[in-house]
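Residue-level structural notes
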Amino acid sequence: MFTGIVEELGEIVRTAETAGDSALVAVRGPLVTSDARHGDSIAVNGVCLTVVDVDGGVFTADVMGETLRRTALGALRPGDPVNLERAAALNSRLGGHLVQGHVDGVGEILSREPAAQWETVRFRLPAGLSRYVVEKGSITVDGVSLTVAGVGDDWFAVGLIPTTLKLTTLGAKGVGDPVNLEVDVLAKYVERMLGERATGPGGDR
């Protein structure tokens, strides 16, 4: 579990295809690797990855083919910056919101509108995700916990403050760039429970 508060702007060191429709990814992140061990979880652009090895500020992780297909990780190349966050500790402050690191879909940047103290960014929403996104609710974009400023059937908008623009990948991404999206898991639980209440367990009624 994560909070969507990026700890470090890391960098892809290398990617290598491995047998069985998967890849091995090496990521540089001196802060997040300072106490990392084999088996720990680190979110890379919002995708929860398991640490295989740590060496000199670089950690490696196996990425399954399913993850490569359902997220934007497959498009990353050596030198690309990435948002990094270690798994939350039970005694840590929840600065963002509850983030699983399980990407629900890949969106893309539709527009950017700079203002004096912030920037409004509009993203395309994949089909089927708009019902989980509400104005003033939470959404995770490339691992960054953000508050929804506006939403439509196939888009949503957020306001990015200078700190977010400077300390995450969202400050440098351009129109058309892909982003990993994770909607608020609480919305999915509510939908499931309300659906079961309406139809009853096991079928319609």
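Within every chain, residues take consecutive numbers counted from 1 along the sequence as written. Predicted model: local features are reported for residues with pLDDT of at least 70 only, side-chain atom pairs are reported and counted for 80 or more only, and whole-chain, interface and lining totals are derived from all residues. The basis for every side-chain value is the complete set of non-hydrogen atoms in the structure, without hydrogens or water.

Once that is clear, we can look at the environment of Gly-143. Runs of H or I in DSSP of at least four residues are treated as helices and runs of E of at least two as strands, each being numbered from the N terminus. With respect to the helices and strands, Gly-143 occurs in the loop between strand E9 (138-141) and strand E10 (144-151). We call a residue buried when its accessible area falls under 20% of the maximum for its residue type, exposed when it is over 50%, and partly exposed in between, using a 1.4 Å probe and counting protein chains only. Here Gly-143 falls in the buried class, since its relative accessible area comes to 11%. Sequence separation between Gly-143 and Arg-70 is 73 residues, and the spatial gap between their C-alpha atoms is 15 Å.

Glancing now at a nonpolar patch on the surface. Together, Leu-186, Tyr-189, Val-190, Met-193 and Leu-194 make up an exposed nonpolar region whose accessible area comes to about 520 Å². Tracing the backbone shows Met-193 in helix H3 (residues 185-199). In this analysis, a patch consists of residues with relative accessible area above 30% that form no salt bridge, clustered at 9 Å for like charges and at 5 Å for the nonpolar side chains Val, Leu, Ile, Met, Phe, Trp and Tyr. Each accessible area value is a Shrake-Rupley result obtained with a 1.4 Å probe; residue values ignore everything except the protein chains displayed when judging cover. Salt bridge criterion: a side-chain nitrogen from Lys or Arg within 4 Å of a carboxyl oxygen from Asp or Glu.

This part covers the side chain of Thr-33. Examined against the element boundaries, Thr-33 turns out to sit in the loop between strand E2 (22-28) and strand E3 (41-44). Owing to a relative accessible area of 8%, Thr-33 belongs among the buried residues under this scheme. A polar atom in the side chain of Thr-33 sits 2.8 Å from the backbone oxygen of Gly-29. Here a polar contact is recorded for every N or O atom pair within 3.5 Å, except that within protein the pair must consist of a potential hydrogen donor and a potential acceptor, and residues adjacent in sequence are included only if both atoms are side-chain atoms. In this structure the side chain of Thr-33 is engaged in a polar contact, spanning 3.3 Å, whose partner is the backbone oxygen of Pro-30. Whether two residues touch is decided by their heavy atoms; if any such pair falls within 4.5 Å, the residues are in contact. Discounting residues that sit within four places of it in the chain, Thr-33 has contacts with Val-54, Gly-57, Val-58 and Phe-59.

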